[in-house]
Amino acid sequence: MKVEDIKKVCVVGAGQMGRQIALNCALYGYETVLYKCTSKDYSQIETWVSEYLQGRVAKEKLTAEQAAAAKGKLFFAMTLSEATDGVQLVIEANLEDKEVKEQFYKDVNACVGEDVILASNSSYIGSSLFMNCVDNPARLANMHYFNPALAMKLVEVIKGEHTAEETITLLMDFAKRTGKTPIRVNKEIDGFVVNRILRAIRDEAFYLIEQGVCSPQDLDTGVELGLNHPMGPFRLLDLTGVDLNYMSGKRRLEETGVKPNGFDIVKEMYEKKEWGRKTGKGFYEYEKK
């Protein structure tokens, strides 16, 4: 299969990442079906889509015709079989939970043909963990978008040992055709490229906080003004989700037996549902939408 053969896309997982990936595909003219595994109520997402597109029109980033065309390309499905009917590409954006993803790949394998490309948006979990869940694992790879997916240009395309070269070429080309700049990651490694660099920064940031050297807010200010980063590590954590960081840290602890720096801080915040922007409070407080 070549990128020209992709006419219809399914995006699974209607959290912020899933809905933004789906709308991004629709904005570039792809018929896109969004499937949300949990709640079957899509009214909130439809409202979000309308408000986002209206906002882009108001800012003259889109014409009214372009917004209407994108909205007309985005559909919602109640079942996985309905969502994947006639698609050539499935982008999975479920929670960073190995068991959830494992069950999904078993389910989707029963719904699609062996030539349908399966791409995981996971930021840490390599697709090789699910190669035994699908027929023809050569069509399985990671395609990692960055948050917020509608705005961030970068996409990491990761080649597992099981992944065919043709699959990587197709995903790189698809990323380019949907306004993204992809980078190729030649082999699976925990955290891939960008998150490994970010994790190194975050681990040191948490160390400084735990040692009482400074507050999270002052550290962010130092990084933003001293290193010219658009966001400090704690402000970025609030954006991407403290809950996701906790799950990632928990997995690292289980796999290595070594507690990551800041794990106890994040665990307490997770239990209090102080997950950042999505809950209205994290390292900073936000007005709930």
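Calculation notes
Residues numbered from 1 in each chain as written. Predicted model: local features only at pLDDT ≥ 70, side-chain atom pairs only at ≥ 80, totals over all residues. Heavy atoms only, no water. Helix = DSSP H or I, 4+ residues; strand = E, 2+ residues; numbered from the N terminus. Rg over C-alpha atoms; globule rule 2.2 N^0.38 Å. Buried < 20%, exposed > 50% of the residue type's maximum accessible area, 1.4 Å probe, protein only. Contact = heavy atoms within 4.5 Å. Areas by Shrake-Rupley, 256 points an atom, 1.4 Å probe, with all protein chains shown as cover. Lys, Arg positive; Asp, Glu negative; His and termini not counted. Charge placed at Lys NZ, Arg CZ, Asp CG, Glu CD. Pairing = 2+ DSSP bridges. Right-handed = clockwise from strand over helix to strand, strands pointing away. Expected span 1.5 Å × (residues − 1). Salt bridge = Lys/Arg side-chain N within 4 Å of Asp/Glu carboxyl O.

> Explain the overall build of the chain to me, please; I cannot follow it from the model alone.
Scanning the chain from N- to C-terminus turns up eleven helices and eight strands. Compactness check: the chain gives a C-alpha radius of gyration of 19 Å against a globular reference of 19 Å for 289 residues, within 12% of the reference. The C-alpha extent of the chain, read off along each of the three principal axes, is 55 × 45 × 35 Å. Within the chain, the fraction of its 289 residues that count as buried is 49%. Long-range contacts, defined here as pairs at least 24 residues apart, represent 65% of the contacts in the chain between residues at least 6 apart. If you sum the accessible surface of the chain, you get close to 14400 Å²; carbon and sulfur atoms cover 51% of it. When the 38 basic and 42 acidic side-chain charges of the chain are each reduced to a single mean position, those positions are 3 Å apart.

> Could you clarify how one ought to interpret the pairing of strand S5 (residues 117–120) in this entry?
Side-chain positions along a regular strand alternate between the two faces of the sheet. The two faces of S5 match: Ile117 and Ala119 on one face and Leu118 and Ser120 on the other face are all buried. Note: strand S4 (residues 89–92) against S5, four bridges, orientation parallel. By the bridge assignment for S5, Ile91 is matched with Ala119. Handedness of the crossover is the feature at issue here: the chain leaves S4, passes through helix H5 (residues 98–109), returns alongside S5, and the resulting connection is right-handed. Sheet analysis places S5 next to strand S6 (residues 140–145), joined by three bridges and oriented parallel. The residue of S6 that forms the bridge with Leu118 is Leu140.

> So what exactly am I meant to see when it comes to the environment of Glu60 here?
Here Glu60 shows up in the loop between helix H2 (43–58) and helix H3 (64–73). For Glu60, a relative accessible area of 71% puts it in the exposed group. Remark: the alpha-carbon pair of Glu60 and Leu89, spanning 29 residues in sequence, is separated by 31 Å.

> Can you help me understand the environment of Ala22 in this one?
One can find Ala22 in helix H1 (residues 16–27). Excluding its chain neighbours within four sequence positions, the residues that come into contact with Ala22 are Val11, Thr32, Leu34 and Leu74.

> Honestly, helix H6 (residues 165–177) in this entry has me stumped. Any pointers?
Residues spaced three or four apart along an α-helix point in a common direction, a consequence of the helix completing one turn every 3.6 residues. An ideal rise of 1.5 Å per residue puts 18 Å on 13 residues; H6 measures up with 18 Å between its terminal C-alpha atoms. Two residues or fewer past H6, Gly179 is found with a positive phi of approximately 80°.

> Help me understand the pattern of salt bridges, please; the structure alone is not making it clear to me.
When the charged atoms of two side chains lie near each other, side chains of opposite charge can form a pair. A full pass over the atoms with the stated rule returns 16 salt bridges. Note that Glu31 and Lys8 form a salt bridge whose closest N and O atoms lie 3.9 Å from each other. Residue Glu31 is found in strand S2 (residues 31–35), and its partner Lys8 is found in strand S1 (residues 8–12); the two are separated by 23 residues along the sequence. For Lys8, a relative accessible area of 16% gives the class buried. One salt bridge connects Lys281 with Glu274, and the closest N-O pair in it is separated by 3.6 Å. Taking the relative accessible area as the measure of exposure, Lys281 reaches 35% and is therefore partly exposed. In the salt-bridge network here, residues are joined through shared partners; they are Asp190, Arg199, Arg251 and Glu255.

> Even after reading the chapter, I still don't get the pairing of S1, so can you show me in this structure?
The buried fraction of S1 is high, at five of five residues. Note that S1 and S2 share five bridges and pair parallel. Residue pairing across strands places Val9 opposite Thr32, the latter belonging to S2. At this point the chain moves from S1, through H1, to the parallel S2, and the crossover so formed is right-handed. As paired elements, S1 and S4 share four bridges and run parallel to each other. Along S4, the bridge assignment pairs Val9 with Leu89.

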